[in-house]
Amino acid sequence: MARYLIPGDVTIRSVKAGDARKRLNDGDGLYLRLFVKGGSHGWRLDYSHQGIRKTLSLGTYPDTGLAAARKKADDARRLVGEGVDPSDVRKAAKVKLATERVESEREARGEPPAGSFESVAREWLQEVHRSKVGDKYFERTRLRLQQEIFPWLGRRQIDSIEPPEILACLRRVLARGAVETAHKTKQACGKVFRYGIAAGFCKRDVTADLRDAMPVVATKHYSAVVDPKRVGELLRAIDVYKGFGITRAALALAPLLFQRPGELRCAEW
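All values derive from a computational prediction rather than experimental measurement. Residue numbers here run from 1 along each chain, matching the order of that chain's written sequence. Only residues with pLDDT of at least 70 are given local features in this predicted model, and only at 80 or more are side-chain atom pairs given and counted; all residues enter the totals for whole chains, interfaces and linings. Note that water and hydrogens are dropped before the side-chain values are worked out from all heavy atoms of the structure.

1. Quick word on the sheet that holds strand β4 (residues 52-61)
- Strands were regarded as paired on the criterion that DSSP finds at least two bridges between them. Helix numbering and strand numbering both begin at the N terminus, where a helix is a DSSP run of H or I of at least 4 residues and a strand a DSSP run of E of at least 2. A sheet is described by the order of its strands in space; here 4 strands give the open sequence β1-β2-β3-β4, paired in antiparallel fashion. Of all strands in the sheet, those bounded by a partner on one side alone are β1 (23-27) and β4. The sheet shows a mean angle of 25° between the axes of neighbouring strands, direction not considered.
- Bridging between strand β2 (residues 30-33) and strand β3 (residues 41-49) involves 4 bridges; their strand directions are antiparallel. Following the sheet pairing, Y31 is matched in β3 by R44.
- Residues are treated as being in contact if the distance between any of their heavy atoms lies within 4.5 Å. Between N-to-C directions, angles span 0 to 180 degrees; the directions come from axes that are lines fitted to C-alpha atoms, helices contributing only their stretch in contact. On top of the sheet, helix α2 (residues 66-81) reaches β1, β2, β3 and β4; it is set at about 15° to β3, its chief contact.
- Across the sheet, helix α3 (residues 86-108) lies against β3 and β4, angled at about 55° from β4, the strand it touches most.

Right, here's the structure in full:
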């Protein structure tokens, strides 16, 4: 198909307002639409992809000169020859640019990248965890993630993290002898991954593969009165106790309510 039908830029500059022509054809699908919406001239390329006729905008004249428009057209034709739709390539480039701009703004504000473990974890903390637990429990969970996981995996994309990487973080905690903290940190990570699955950030909970990779928490048994006769002795001892009034009230309520000391102490009428 014939190309380069426009002799040169002089031909384009010679077009004056009121020209009856609607376009200058350069051949092989490339043409210059004149006075687009009454304004400047616009380069267009008509092409076919998978049997569908499409049009691609290549810029405006004079910002995009004749030589530049031809080069853009050649690049687009090359993509079509490779089975790629140049419109899709352009859309993908725009999405990438917009994403990079958003990420740059997030970084400037000191926020983790979108889709990173830290970003998903903080979203889970605020949207789910805070509504389910008290302030102290919430803060403990946040601190575990912030101190034990974020420094190493926080800015990694959550769907790229593998079980050995989570285990490496937990082993740092285990090395301090904090076995229970390591298990609770693992549980928190599991909840973050499961939230990530539901929200579309990742496909699986990698902490499920760590089920047998950590030592168990040592169980500590507390002494208890199990002999009915000794229960009577305990009740009589409580009855004759002469300590502080608050303590006497708590001891009297304990066998009636069967609450832990901390729960009994924080109980409200």
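2. Describing the side chain of R44
- Counting through the fold element by element, R44 comes out in strand β3.
- Think of it in three bands: with a 1.4 Å probe and only protein chains considered, a residue is buried below 20% of the maximum accessible area for its type, exposed above 50%, and partly exposed in between. Lys and Arg are tallied as positive, Asp and Glu as negative. Neither His nor the chain termini are counted. Salt bridge, as used here, is a side-chain nitrogen of Lys or Arg placed within 4 Å of a carboxyl oxygen of Asp or Glu. For the buried residue R44, which engages in no salt bridge, the nearest side chain bearing the opposite charge is D46, 7.6 Å off.
- Once you skip the residues sitting within four places of it in the chain, R44 turns out to touch G29, L30, Y31, R33, V36, T55, L56, S57 and G59.

3. With respect to unusual backbone geometry
- Cis peptide bonds are those with omega within 30 degrees of zero, and the linkage from Y61 to P62 qualifies with 15°.
- Mapped onto the fold, P62 is located in the loop between β4 and α2.
- For Y4, which is not glycine, the phi torsion reads 55° and is therefore positive.
- Its location among the elements puts Y4 in the segment before α1 (9-13).
- By relative accessible area, which is 47% here, Y4 ends up partly exposed.

4. Looking at a positive patch on the surface
- Residues K22, R23, R33 and K37 make up a contiguous surface patch of positive charge.
- Looking at the element boundaries, K37 is found in the loop between β2 and β3. Here, patches come from residues exposed beyond 30% relative accessible area and free of salt bridges, joined within 9 Å for like charges and within 5 Å for nonpolar side chains (Val, Leu, Ile, Met, Phe, Trp, Tyr). Computed with a 1.4 Å probe, the accessible areas rest on the Shrake-Rupley method; for each residue, only the protein chains presented here act as cover. Note that the charge is assigned to NZ on lysines, CZ on arginines, CG on aspartates and CD on glutamates.

5. Details of the nonpolar core
- F117, L145, I149, I158, I166, V192 and F193 are the most contacted members of the largest nonpolar core, which totals 29 residues.
- When residues of this core are traced back to their parent elements, those giving at least two are α4 (117-132), α5 (135-148), α6 (150-153), α7 (163-174) and α8 (179-199).
- Not counting the four nearest positions on each side in its chain, V192 is found in contact with F117, V120, A121, W124, L145 and I158.
- Counting 17 residues, the second-largest nonpolar core is a separate cluster that includes I12, L24, L30 and L66. The criterion is simple. A nonpolar core is a set of buried Ala, Val, Leu, Ile, Met, Phe, Trp, Tyr and Cys residues joined through side-chain atoms within 4.5 Å.

6. Concerning a nonpolar patch on the surface
- There is a patch of nonpolar side chains on the surface, built from V225, V231, L234 and L235 and spanning about 290 Å² of accessible area.
- The residue V231 is located in helix α9 (residues 228-239) in this model.
- For V231, a relative accessible area of 33% puts it in the partly exposed group.

7. Some words on the packing of α4 against α8
- Where α4 meets α8, the axes come as close as 9 Å, and the angle between the chain directions of the two elements is 90°. The angle between α4 and α8 falls in the class roughly perpendicular. Of the residues in α8, those in contact with F117, V120, A121, E123, W124, E127 and V128 of α4 are A188, C189, K191, V192, F193, Y195 and G196.
- Amino acids are sorted into nonpolar (Ala, Val, Leu, Ile, Met, Phe, Trp, Tyr, Cys and Pro), charged (Asp, Glu, Lys and Arg) and polar (every other residue, Gly among them). When grouped by side-chain class, the residues that make up the contact of α4 with α8 number 10 nonpolar, 1 polar and 3 charged. Between 65 and 115 degrees an angle is taken as roughly perpendicular, under 35 as roughly parallel, over 145 as roughly antiparallel, and anywhere else as oblique.

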